[in-house]
Amino acid sequence: TRSSPAPCARSAASRPMVSLPGRRNRKVVAQRTPGELDAMAVAGALVARALQAVRDAAAPGVSTQQLDEVAEAVIRDGRGTPSFLGYHGYPASICSSVNDRVVHGIPSSDEILAFGDLVSIDCGAIVDGWHGDSAVTFGIGDLIPVDEALSAATRESMEAGIAAMVPGNRLTDVSHAIELGTRAAEQRHGRRFGIVEGYGGHGIGREMHMEPFLANEGAPGRGPVLAAGSVLAIEPMLTLGTVKTRVLDDEWTVVTTDGSRAAHWEHTVAATDDGPRILTLPD
Ligand code: MF3
Ligand code: CO
């Protein structure tokens, strides 16, 4: 997750006053070579392994601090570095966002999981200088049907965004696809979902958060072009209620303002000539 940049700051900083000869609006999302994508997939597979270990460890009575220890151990065993730890002072290797927490929940020994909790885990790792970033949502035991629908709708929105990761598409074609994925999920699940305002995905490579910011909704056909090797972290966040959030006094944890539950799914994905390539799959 990145928070969206102030629109004025963004356009002033990134757009020249006049279009330059020979490069009229030809901005492209940074391209990685096939070898670099393979290197990113190594980091991504380690993230996938850490997330699977966290899922396996999550149970009633387990603290989110214990889940953080599980993720960090898997990453270090795989000769990776947890990218979240120390990022702008962030104190852990995962974000654990339970129930009305949307993203950036800080793991704690005081936070004990219980049956029916809706848990989102976000994790990142660096291997050989390359980043992987991925998030999953799951229940502790069985979820009630609306929570199950919320998580499924969020995953389906992510998958719709992934399908738009093809060369020639533009940035907001992906945003639009995510939004259409959410609207299709609303039809399928027979209820409304809130698309969280102010947060979205991002470019990723040798840093976790790179340009461009990827909104989870909006009109198509704008922004830089995707080419073969362009990589984005695609990460929709949906709620059962409001689109509004606030940050707790810990200065990290993002919660819904109405207490409604939220879900978050994320993959790091490359556009390639053979179609979308998910870089955060287990190997
Ligand atoms: N990985 C998150 C994202 O999806 C960002 C985590 S912020 C951190 O982009 F501080 F926790 F690292
Ligand atoms: Co991310």
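Small disclaimer: the values here were computed from a predicted structure and weren't measured.

J.: So what about the coordination of the cobalt ion (ligand 2)? Which residues, and what values?
T.: Donor atoms from the polypeptide that coordinate the cobalt ion (ligand 2) comprise Asp133 (OD), His202 (NE2), Glu235 (OE) and Glu266 (OE), at 2.0 to 2.3 Å from the metal. Relative to the metal, the six donor atoms surrounding the cobalt ion (ligand 2) lie at angles of 55 to 173°, and the coordination shape comes out irregular. Read in sequence order, the donor residues for the cobalt ion (ligand 2) give the motif D-x68-H-x32-E-x30-E. One end of the pair, His202, is in strand β8 (residues 199-203); the other, Glu266, is in the loop between β14 (262-264) and β15 (267-272), with 64 residues separating them in the sequence. Here the two residues His202 and Glu266 agree in accessibility, since each one is buried.

J.: Tell me about the sheet that holds β14, residues and numbers included.
T.: Ordered by their spatial adjacency, three strands build an open sheet running β7-β11-β14, and the pairing between neighbours is antiparallel. The open sheet has two edge strands, β7 (194-195) and β14, and neither has a second partner. Of the strand pairs in this sheet, strand β11 (residues 237-239) and β14 are connected by three bridges, and their pairing is antiparallel. Bridge pairing in β14 places Leu238 opposite Ala263. Against the sheet, helix α4 (residues 145-163) contacts β11 and β14, and its axis sits at roughly 150° relative to β11.

J.: Describe the site of ligand 1, listing the residues and the values that go with them.
T.: As a matter of local geometry, ligand 1 sits amid 14 residues, with Thr1, Phe84, His209, Glu235 and Glu266 nearest to it. A distance of 3.0 Å is found between a nitrogen atom of ligand 1 and a side-chain nitrogen or oxygen belonging to Asp133. At 2.7 Å from an oxygen atom of ligand 1 is found a side-chain nitrogen or oxygen belonging to Glu235. If ligand 1 stood free it would expose 340 Å²; the protein chains cover 99% of that surface. A majority-of-atoms criterion places ligand 1 in the second largest pocket. Considering only residue class, the shell around ligand 1 consists of six nonpolar, four polar and four charged.

J.: Tell me what's going on with the state of the cysteines, and back it up with residues and numbers.
T.: According to the stated counting rule, one finds zero disulfides in the structure shown. Unpaired in this structure, Cys123 has its nearest cysteine sulfur neighbour in Cys95, at a distance of 9.0 Å.

J.: So what's going on with the pairing of β15? Which residues, and what values?
T.: When you tally the buried positions in β15, you get six out of six residues, the bulk of the element. The alternating pattern of β15 places His267, Val269 and Ala271 on one face and Thr268, Ala270 and Thr272 on the opposite face, and all of these are buried. Note that strand β10 (residues 231-234) and β15 share four bridges and pair antiparallel. Residue Ala233 lies in a different strand from β15, and its bridge partner there is Thr268. Of the strand pairs in this sheet, β15 and strand β16 (residues 275-278) are connected by four bridges, and their pairing is antiparallel. Its bridge partner lying in β16, Ala270 is registered against Arg277. Counting the residues between successive antiparallel strands, the hairpin from β15 to β16 contains two residues.

J.: Before we move on, can you summarise the pattern of salt bridges with the specific residues and values?
T.: Two side chains that carry opposite charge are able to pair once their charged atoms sit near each other. Counted under the stated rule, the structure contains ten salt bridges. Between Glu211 and Arg2 there is a salt bridge, and its shortest N-O distance comes to 3.2 Å. Linking Glu211 in strand β9 (residues 210-214) with Arg2 in strand β1 (residues 2-3), this pair joins segments that are 209 residues apart in sequence. Among the salt bridges present, the one from Arg277 reaches Asp38, with a minimum N-O distance of 3.0 Å. Note that Arg277 is positioned in strand β16 and Asp38 in helix α2 (residues 34-57), a separation of 239 residues in sequence. According to the relative accessible area criterion, Arg277 is partly exposed, its value standing at 29%.

What counts and how
Residue numbering note: each chain is counted from 1, following its sequence as written. Throughout, the order in which chains and ligands are written sets their labels, letters from A for the former and numbers from 1 for the latter. In keeping with the model being predicted, local features are shown solely for residues with a pLDDT of at least 70 and side-chain atom pairs are shown and tallied solely at 80 or more, while totals for entire chains, interfaces and linings include all residues. Remark: hydrogens and water are excluded; side-chain values derive from all non-hydrogen atoms of the structure. Donors, by definition, are the N, O and S atoms found within 2.8 Å of a metal, the threshold being 3.2 Å for Na, K and Ca, and water is not counted, so a site can look incomplete. A site with four donors is called tetrahedral when every donor-metal-donor angle falls between 85 and 135 degrees; four donors are called square planar, and six octahedral, when opposite donors sit more than 155 degrees apart and all other angles fall between 65 and 115; any other arrangement is irregular. Counting from the N terminus, the helices are DSSP H or I runs at least four residues long and the strands are E runs at least two residues long. Think of it in three bands: with a 1.4 Å probe and only protein chains considered, a residue is buried below 20% of the maximum accessible area for its type, exposed above 50%, and partly exposed in between. Strands were regarded as paired on the criterion that DSSP finds at least two bridges between them. Contacts are residue-level and defined by heavy atoms, with any inter-residue pair within 4.5 Å sufficient. Angles here are taken between N-to-C directions and fall from 0 to 180 degrees, while the axes themselves are lines fitted to C-alpha atoms, restricted in helices to the stretch in contact. By convention in these notes, a residue is near a molecule or strand provided one of its non-hydrogen atoms lies within 4 Å of it. Counting of polar contacts relies on pairs of N or O atoms within 3.5 Å, with two restrictions inside protein: one atom must be capable of donating a hydrogen and the other of accepting it, and residues adjacent in sequence are counted only when both atoms are side-chain atoms. Residue exposure ignores everything except the shown protein chains as possible cover, and the areas themselves are Shrake-Rupley values with a 1.4 Å probe. As defined here, a cavity is a set of points on a 1 Å grid over the protein atoms alone where a 1.4 Å probe fits but cannot get out. A pocket is an open set with protein on both sides within 12 Å along at least five of seven lines, and residues line them when an atom is within 4 Å of a point. To decide whether a molecule occupies a pocket or cavity, check its atoms: if more than half lie within 2 Å of the grid points, it is inside. When residue character is reported, Ala, Val, Leu, Ile, Met, Phe, Trp, Tyr, Cys and Pro are called nonpolar, Asp, Glu, Lys and Arg charged, and the others, Gly included, polar. Count a disulfide wherever a pair of cysteine sulfur atoms falls within 2.5 Å. Every case where a carboxyl oxygen of Asp or Glu lies within 4 Å of a side-chain nitrogen of Lys or Arg is listed as a salt bridge.

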